[in-house]
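Results of the structural survey
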Amino acid sequence: MAADPGARCIASDNGVAAVATAVAAMSAGAAPVDAAVAGVNLNELDPEDNSVGYGGLPNEDGVVELDAAVMDGPTHRAGAVASIRNIKTPSRVALQVMRRSDHVLLVGEGALRFARAHGFVEESLLTEKSRKLWLYWKETLSATDDWFPPTDDEIARDPVLKRRPTGTIHLSARNAAGDFGCTTTTSGLAFKIPGRVGDSPLIGDGLYLDNAVGSAGGTGRGEASILACGAFAVVERMRAGRSPLDACLDILSRVVDQSRKNGNADGNGRPTFNLSLYALAKDGSYGSASLLAGCKFAVADATGTRLETGGHLFEATAR
Ligand code: GLY
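One structure accompanies this document, and this report is about it. As the structure is a prediction and not an experimental result, all values here were calculated from the model. Here the residue index of a chain counts from 1 through its sequence in written order. Note on the predicted model: pLDDT of at least 70 is required for a residue's local features to be given, and 80 or more for side-chain atom pairs to be given and counted; whole-chain, interface and lining totals, by contrast, use all residues. For side-chain calculations, the full set of non-hydrogen atoms in the structure is used, while hydrogens and water are omitted.

1. Concerning the sheet that holds strand 8 (residues 214-220)
- The five strands lie next to each other as 7-8-9-10-13, forming an open sheet whose pairing is mixed. Strands with a single pairing partner mark the edges of an open sheet, and in this sheet they are strand 7 (207-210) and strand 13 (311-314). For this sheet, the mean inter-axis angle between neighbouring strands, taken without regard to orientation, is 15°.
- DSSP bridges decide pairing: two strands pair if at least two such bridges lie between them. For the purposes of this entry, the term helix denotes a DSSP run of H or I that reaches at least four residues, the term strand denotes a run of E that reaches at least two, and both are numbered from the N terminus. Where strand 8 lies against strand 9 (residues 275-281), seven bridges are found, and the strand directions are antiparallel. Following the sheet pairing, Gly218 is matched in strand 9 by Leu277.
- Along the sheet, helix 8 (residues 230-239) contacts strand 7, strand 8 and strand 9; its crossing angle with strand 8, the most-contacted strand, is approximately 145°.
- Two residues qualify as a contact provided that any one of their heavy atoms is within 4.5 Å of a heavy atom in the partner residue. Between the N-to-C directions of two axes lies an angle of 0 to 180 degrees, each axis being a line fitted to C-alpha atoms and, for a helix, fitted only over the stretch in contact. Against the sheet, helix 9 (residues 244-261) touches strand 9, strand 10 (286-292) and strand 13, its axis set at about 25° to strand 10.

2. So, the site of the ligand
- Taken together, 10 residues form the shell around the ligand, and within it Thr168, Arg196, Asp199, Gly220 and Gly222 come nearest.
- Within the contact set of the ligand, an oxygen atom lies 2.6 Å away from a side-chain nitrogen or oxygen of Arg196.
- For the ligand, a nitrogen atom lies 2.7 Å from a polar atom in the side chain of Asp199.
- In these tables, accessible area is a Shrake-Rupley quantity obtained with a 1.4 Å probe, and a residue counts as shielded only by the protein chains included in the view. The fraction of the free accessible surface of the ligand (200 Å²) that becomes covered by protein chains is 100%.
- Side-chain classes follow a simple rule in which Ala, Val, Leu, Ile, Met, Phe, Trp, Tyr, Cys and Pro form the nonpolar group, Asp, Glu, Lys and Arg form the charged group, and the remainder, Gly included, forms the polar group. In terms of residue class, the shell around the ligand is built from one nonpolar, seven polar and two charged. By convention in this text, a residue qualifies as near a molecule or strand provided that one of its non-hydrogen atoms is within 4 Å of it. Polar contact criterion, stated in full: a pair of N or O atoms within 3.5 Å, where within protein one must be able to donate a hydrogen and the other to accept it, and residues adjacent in sequence count only if both atoms are side-chain atoms.

3. Notes on the sheet that holds strand 11 (residues 296-301)
- Sheet architecture is open: eight strands sit in the order 4-3-2-6-5-1-11-12, paired in mixed fashion. Unpaired on one side and paired on the other, strand 4 (105-107) and strand 12 (304-309) mark the two borders of the sheet. Each strand axis lies, on average, 10° off the axis of its neighbour in the sheet, ignoring direction.
- Pairing between strand 3 (residues 77-84) and strand 4: three bridges, direction parallel. For Ala82, the partnering residue across the bridge sits in strand 4 and is Val107.
- In this fold helix 3 (residues 90-100) packs onto strand 2 (66-72), strand 3, strand 4 and strand 6 (180-186), with an angle of close to 135° to the strand it touches most, strand 3.

4. What to know about the side chain of Ser288
- Relative to the helices and strands, Ser288 is located in strand 10.
- A relative accessible area of 4% means that Ser288 is categorised as buried.
- At 2.9 Å, the side chain of Ser288 forms a polar contact with the backbone oxygen of Leu277.
- Beyond its immediate chain neighbours, meaning those up to four positions away, Ser288 contacts Leu245, Cys248, Leu277, Tyr278, Phe297, Gly310 and Gly311. Each residue gets one of three labels from its accessible area relative to the maximum for its type: buried under 20%, exposed over 50%, partly exposed in between, using a 1.4 Å probe on protein chains only.

5. Section: the environment of Gly6
- In this structure, Gly6 sits in the segment before strand 1 (8-12).
- Along the chain, Gly6 and Asp301 lie 295 residues apart, while their C-alpha atoms are 7.2 Å from each other.

6. Points about the pattern of salt bridges
- Criterion for a salt bridge: a side-chain nitrogen of Lys or Arg within 4 Å of a carboxyl oxygen of Asp or Glu. Scanning the entire structure with this criterion turns up 15 salt bridges.
- For Glu123, the salt bridge identified is with Lys88, shortest N-O distance 3.2 Å. With Glu123 in the loop between helix 4 (108-117) and helix 5 (128-139) and Lys88 in the loop between strand 3 and helix 3, this pair connects stretches of sequence that are 35 residues apart.
- The residue Lys129 makes a salt bridge to Asp158 at a minimum N-O spacing of 3.4 Å. One end of the pair, Lys129, is in helix 5; the other, Asp158, is in the loop between helix 5 and helix 6 (160-163), and 29 residues separate them in sequence.

7. Focus: the nonpolar core
- In these notes, a set of buried Ala, Val, Leu, Ile, Met, Phe, Trp, Tyr and Cys residues joined through side-chain atoms within 4.5 Å is what counts as a nonpolar core. The biggest cluster of nonpolar side chains holds 39 residues, and the ones touching the most others in it are Met71, Val234, Met238, Val255, Leu275 and Leu291.
- The leading source of residues in this core is helix 9, at seven residues.
- Not counting residues up to four positions away in its chain, the partners in contact with Val255 are Ala224, Ala228, Phe273, Leu275 and Leu291.
- Membership of the second largest hydrophobic core comes to 18 residues, among which are Met26, Val40, Val52 and Ala298.

What follows is the structure in structure tokens.
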């Protein structure tokens, strides 16, 4: 086994600042799960990250609904909230579900009432930009309804309108003692049907850890990760001796097979979506892979903070 790398975090590519924050928090004595949440709070509170927390793109009714989960290695406990409204930091509510309730997952109104009981402040999560993006999406859905888009508006050129992001941030943290914590938080699929829940708040799908093995998570098309039990499957591949990168690639290959059965592959057998998986092992080794080439992931440890390129199964340009 390689020399112990000390504290190390990995995250999706929107997590460069988050992994740096999480490693610093662990160095100051925070538990990995608290450090992970401190990291992703930066994204949740950032109005420019339109896939997470405040500023996340809303559902088809124009209402932002957030999903988040946390998992703690030493206790093998977890907490999660789904379809929660009006709370900017759902990962913090998930921490309270884990520590201050006998449950793992709270949804919708129940999750909001629990958050209120714990002193979370209700705020509008819709920024002016996310409202305009939603309105433009709604106005261009049909040429036969009564909603007209603006004739010339720069919002029409926003790439978000072409690909309905599933955004999300996942962060896995390992401290110098080899203990793990992780979190995944998201506003989910843009313009989703109200109540739709993706993989992010589901333990075993958007995140999973086993303190004896490692931690994993995913971003991208949540439905595909749910159908593969993505994060759990990655951890189990590491338990069987696969490297973090190979564990991610193994499960993505399984996702490809599943997409060919469930109608989510094109005529060439390529999935019509992207999914990225992230894995951090007990010995500190790490890896990430995506269905499509070109995806990066964030890493922070004693040698610094960086974006690295993950593995892939398909060239992105060949679609
Ligand atoms: N992976 C995030 C979602 O599908 O909601």
